[in-house]
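Residues per chain are reported as follows:
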Amino acid sequence: MDSPSAMELDTLLSSLITAISALKTSMETQGFPPFRSDDLTPHPLDAGIPDPVSFYARRAIVGLCQQITILVQDPAERSLVDHFRFVIPGCLAAATETSPSIAETVLAAGSEGISLKEVSEKTGVDAIKLRSISRMLANGGYLKEVSVGHVVPTRLTRSLAPGGGPVVEMNGIIPGYAPPATIVPQVLHMPSDALHPTAFEEFFKTPFFSWLENNPLELKRFHRGMTEIENHLDKGILVDVHLDDLGPAITLVDIGAGHGGLVMQFLKRHPGWKAILQDRAEVIPEARQFWQDNMPEALDTGRISFLPHSFFEPTPLPPAPEDYPYVFLIKAVLHNWPDDTVKLMLQNLVPAAPPGTKLLIVNFTPSIPDGAHSLTVEDFFKKIKGKSMREVQKLSLPVPMPLNVGFGAGAEYVSNIDVLMMLLLNSRARTTEDFKELLESTSWRLEGSTQLRGASSVLRAYRV
Ligand SMILES: C[S@@+](CC[C@H](N)C(=O)[O-])C[C@H]1O[C@@H](n2cnc3c(N)ncnc32)[C@H](O)[C@@H]1O
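Now for a look at the structure at hand. Remember, it's a predicted structure, so these values are computed and weren't measured experimentally.

### Let's talk about the overall build of the protein
Argument step 1. Scanning the protein from N- to C-terminus turns up 22 helices and ten strands.
Argument step 2. For the protein, buried positions account for 45% of its 464 residues.
Argument step 3. Partitioning the intrachain contacts of the protein with sequence separation of at least 6 by distance along the chain shows that 69% fall at a separation of at least 24.
Argument step 4. With the model as given, the accessible surface of the protein reaches about 23,100 Å², and the carbon-plus-sulfur share is 57%.
Argument step 5. In the protein, the 41 positive side-chain charges and the 53 negative ones have mean positions that sit 3 Å from each other.

Set out below in structure tokens:
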């Protein structure tokens, strides 16, 4: 008879085979080429929005592979490997920061590859350091050492080369966001609220956003990195958020709107809608210019207007016209603030929100454990096969067994952001349960949440 641990491994393996075969079938149906680690051209699944089966199959494969790793590896070795993970960002920064960078030099060499000696000459990186760094990069799949001292690029090398993804820009601000992690034990007992210093403040003696404002170079890279993250990890927001049921005539009020790029897409999709973009006064001229450049007719017809106002103060909005009720939208803002501040922000909308007013929150949302269920990976892929994302959203399926909560490592990025927000801002990535509590304490009720193909979800609430 199988021992219990052998059975667990068997279940993981058969689930993995199911997920891989779902991915392969989906790719073949769409005429996509197979993945190849030496393919230097972007794969169609890495660009655009993947179909639902491919999206979930990739998540399941990553999650299951990690579960297999942690099941079979010596726990002491596993934890020691995790302990040393802080060396990885250093190597990623090393691969991107010189000019030319290690990554672009290896990528430019093409499939023939290049000797580390040549990479060292071209980039100016010390040959001995380069060897260690490149071996670490090879462990992560960012390049491959095919013979001693000779490396070839892989399909991941591009992600570290200029224009390849968010990491190239984000590496620039490591000196800001990595050091606070070193003092976590010293801040563990401090409350995570607006009244107490963050790990960042304990380390740098200044709040994170002030530090950014005082470091214009980092600030520039931070904003570029944010845009890249949205382009790469939250591609699903526009296509997967469906708001038709809100009615043909509403006034969307975007709180902390930035330029209001998503609102612009919504106004294009819903010709009867108007919108108000609220942000700090200094952001409004840029936002107005963005609309002037991209949708000037919305300015001319008054469909878009701007409200310079801090969300820390009660809204100055007059009651909405009856035929154009307000629908509030808060996108990619709340994860920057601790709970007490978020409560204040939600409370500040109430004066302009008669009972029934809708509120949409688009944010990173870590999963919570599903209730008891028996849905397996095999059932999951059978149920979503051939379905559109909208149909999949309506099925509201739990994460299939034996995957860990939220597909585990399949959605690891959200856990990274959760901890980063703790370190920098005494905040967190909030689950639906967290939001339920915050909303209920501020005259709102959570109606439900919808998963998107990306790192975010959309939560719907209404004013009670
Ligand atoms: C991470 S950005 C998100 C922008 C936009 N919602 C998006 O998804 O692209 C956070 C936004 O909050 C705004 N913000 C920060 N403090 C604010 C305040 N006190 N009142 C209003 N907006 C504020 C910032 O100016 C910025 O536009």
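Back to the text.
### Some details on unusual backbone geometry
Argument step 1. Looking along the chain, the bond that leaves S99 and enters P100 is cis, with omega of -5°.
Argument step 2. Its place among the elements puts P100 in the loop between α4 (87-97) and α5 (102-108).
Argument step 3. Looking along the chain, the bond that leaves M401 and enters P402 is cis, with omega of 10°.
Argument step 4. A positive phi is found at N426, a non-glycine position, where the angle reads about 55°.

### Section: the environment of A320
Argument step 1. Within the secondary structure layout, A320 lies in the loop between β6 (304-308) and β7 (326-331).
Argument step 2. For the pair formed by A320 and A352, sequence separation is 32 residues and the distance between their alpha carbons is 7.3 Å.
Argument step 3. Ignoring sequence-local partners within four residues, the contact set of A320 consists of P325 and Y326.

### Re the side chain of T432
Argument step 1. Tracing the chain through its elements places T432 in helix α22 (residues 432-440).
Argument step 2. Dropping the residues within four chain positions of it, T432 is found in contact with T365, I368, L446, S449 and L459.

### Points about the packing of α4 against helix α7 (residues 127-139)
Argument step 1. Interaxial distance between α4 and α7 falls to 10 Å at its minimum, and their mutual angle equals 110°. Between α4 and α7, the angle falls in the class roughly perpendicular. Seen from α4, the contacting residues are V87, I88, C91, L92, A94 and A95; seen from α7, they are I133, M136 and L137.
Argument step 2. For the contact of α4 with α7, the per-class residue count stands at nine nonpolar, no polar and no charged.

### What about the site of the ligand?
Argument step 1. Residues in contact with the ligand amount to 15 residues; listed here are only the nearest, G256, D279, R280, F311 and K331.
Argument step 2. G256 is positioned with one of its backbone polar atoms (N or O) 2.8 Å from a nitrogen atom of the ligand.
Argument step 3. For the ligand, a nitrogen atom lies 3.0 Å from a polar atom in the backbone of F311.
Argument step 4. Coverage of the ligand by the protein chains reaches 77% of its 590 Å² of free accessible surface.

### Description of the pattern of salt bridges
Argument step 1. This structure, assessed with the given rule, holds 16 salt bridges.
Argument step 2. Among the salt bridges present, the one from E121 reaches K117, with a minimum N-O distance of 3.3 Å. Taken as a pair, E121 and K117 lie in helix α6 (residues 116-123) at a separation of four residues, close to a single helical turn.
Argument step 3. With relative accessibility at 55%, the residue E121 sits in the exposed group.
Argument step 4. For K117, a relative accessible area of 60% translates into the label exposed.
Argument step 5. Among the salt bridges present, the one from E282 reaches R280, with a minimum N-O distance of 3.3 Å.
Argument step 6. Residue classification places E282 among the exposed residues on the basis of a relative accessible area of 55%.
Argument step 7. A relative accessible area of 45% means that R280 is categorised as partly exposed.
Argument step 8. Within the structure, one salt-bridge network assembled from shared partners comprises D339, R428, R430 and D434.

### Thoughts on the sheet that holds strand β4 (residues 251-255)
Argument step 1. Pairing is mixed across the open sheet formed by seven strands, whose spatial order is β6-β5-β4-β7-β8-β10-β9. Each end of this open sheet is capped by a strand with a single partner; those strands are β6 and β9 (444-451). Neighbour-to-neighbour, the strand axes of this sheet turn through a mean angle of 20°, independent of strand direction.
Argument step 2. Here strand β8 (residues 358-364) pairs with strand β10 (residues 456-463) via seven bridges, running antiparallel. Residue pairing in the sheet places N363 in a bridge with S457 of β10.
Argument step 3. Along the sheet, α22 contacts β8, β9 and β10; its crossing angle with β9, the most-contacted strand, is approximately 155°.

The rules behind these values
- Residues numbered from 1 in each chain as written.
- Predicted model: local features only at pLDDT ≥ 70, side-chain atom pairs only at ≥ 80, totals over all residues.
- Heavy atoms only, no water.
- Helix = DSSP H or I, 4+ residues; strand = E, 2+ residues; numbered from the N terminus.
- Buried < 20%, exposed > 50% of the residue type's maximum accessible area, 1.4 Å probe, protein only.
- Contact = heavy atoms within 4.5 Å.
- Areas by Shrake-Rupley, 256 points an atom, 1.4 Å probe, with all protein chains shown as cover.
- Lys, Arg positive; Asp, Glu negative; His and termini not counted.
- Charge placed at Lys NZ, Arg CZ, Asp CG, Glu CD.
- Axes fitted to C-alpha atoms, helices over the stretch in contact; angles between N-to-C directions.
- Parallel < 35°, antiparallel > 145°, perpendicular 65-115°, else oblique.
- Nonpolar A, V, L, I, M, F, W, Y, C, P; charged D, E, K, R; others polar.
- Near = heavy atom within 4 Å.
- Polar contact = N/O pair within 3.5 Å; in protein donor to acceptor, adjacent residues only side chain to side chain.
- Salt bridge = Lys/Arg side-chain N within 4 Å of Asp/Glu carboxyl O.
- Pairing = 2+ DSSP bridges.

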